[in-house]
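Remarks on the overall topology
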Amino acid sequence: MINVKKIRVTAGRFRSRTIEILENKVARYTPSRVREAIFNIIGDVEGKTVLDLFAGSGLFSIEAMSRGAASATLVEQDREMYALIQRNLESLSLLSSSEVLHMEVRLALPFLYKKDAKYDIIFLDPPYDKGYVSETTALLRDYQVYGPTTLFVVEHSKRELCGSSESAGEKGAFTRRYGNTCVTICGPRDLTKRSS
């Protein structure tokens, strides 16, 4: 049996509204203090476009649109989580400003690249310690669905570095730790640098 819980949106026009999360899924939900810290760091998101990879419940995209982001594309391969995202977006009347892709990230990025999609904020929150961070940033180097001012927000384990081994320590990349969770925020130059 799947247990459904509620979690609150922290700020913006949907502040204090709740969305559903699945309690017994193998998933992590970013604590409210970390979500608030992320948006405090990245600043004004008014009118921005968001790409949410490994979207889970859709919480990051919903938080962004609550704060004024124009639209979000959410990528989630798990069928139950995909259905959950649809319910959460529908409950807040956000389906018209969202696109939800039920596919693996490794397939979604070339698909979006072929559509010439570009995003202002790209959020990655994959399962910890499975190599998805480095794999996904490598894919992003090949399929550039971003522009020169895009911000990358990567939530990862303290045991992982953001992207390839050099990225998290590069000048320009910004990392904060919250217990076992690290959040790295960087731009395209940090993402695309390779070891010499």
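It should be noted that the structure appears before, not after, this text.
What comes next concerns the included structure. (Residues numbered from 1 in each chain as written. Predicted model: local features only at pLDDT ≥ 70, side-chain atom pairs only at ≥ 80, totals over all residues. Heavy atoms only, no water.)

By size, the foremost hydrophobic cluster in this structure holds 32 residues, and its most contacted members are I38, I42, L89 and V153. If sequence neighbours within four positions are ignored, I38 has contacts with F60, F123, V153, E155 and V183. (Core = buried A, V, L, I, M, F, W, Y, C linked by side-chain atoms within 4.5 Å. Buried < 20%, exposed > 50% of the residue type's maximum accessible area, 1.4 Å probe, protein only. Contact = heavy atoms within 4.5 Å.)

Glancing now at the packing of helix α1 (residues 32-42) against helix α2 (residues 59-66). Relative orientation of the contacting elements α1 and α2 amounts to 50°, with a least axis distance of 12 Å. Comparing their axes, α2 and α1 come out oblique. Crossing geometry of α1 relative to α2 is assigned as right-handed. In contact with R35, I38 and F39 of α1, α2 contributes L59, F60, E63 and A64. Classifying every residue of the contact of α1 with α2 gives five nonpolar, no polar and two charged. (Axes fitted to C-alpha atoms, helices over the stretch in contact; angles between N-to-C directions. Helix = DSSP H or I, 4+ residues; strand = E, 2+ residues; numbered from the N terminus. Parallel < 35°, antiparallel > 145°, perpendicular 65-115°, else oblique. Left-handed = near helix turned anticlockwise from the far one by under 90°. Nonpolar A, V, L, I, M, F, W, Y, C, P; charged D, E, K, R; others polar.)

Mapped onto the elements, T150 comes out in strand β7 (residues 146-157). By relative accessible area, T150 is classed as buried at 2%. One polar contact links the side chain of T150 to the main-chain carbonyl oxygen of Y119, over a distance of 2.6 Å. A polar contact of 2.9 Å, which involves the side chain of T150, links it to the backbone nitrogen of G147. (Polar contact = N/O pair within 3.5 Å; in protein donor to acceptor, adjacent residues only side chain to side chain.)

Judged by how many residues are buried, strand β2 (residues 18-22) sits mostly within the fold: four of five residues are covered. Here five bridges tie strand β1 (residues 4-8) to β2, and the two strands are oriented antiparallel to one another. Bridging across to β2, R8 finds its partner in T18. (Pairing = 2+ DSSP bridges.)

Spatially, the seven strands line up as an open sheet ordered β5-β4-β3-β6-β7-β9-β8, and their pairing is mixed. At either margin of the open sheet sits one strand with a lone partner, and together these are β5 (98-101) and β8 (174-178). On average, each strand axis in the sheet is tilted by 15° relative to the strand beside it, whichever way the strands run. Against the sheet, α1 engages β6 (119-124), β7, β8 and β9 (181-186), with an angle of about 165° to β8. The sheet strands contacting α2 are β3 (49-53), β4 (71-75), β5 and β6, and the helix crosses β3 at an angle near 165°.

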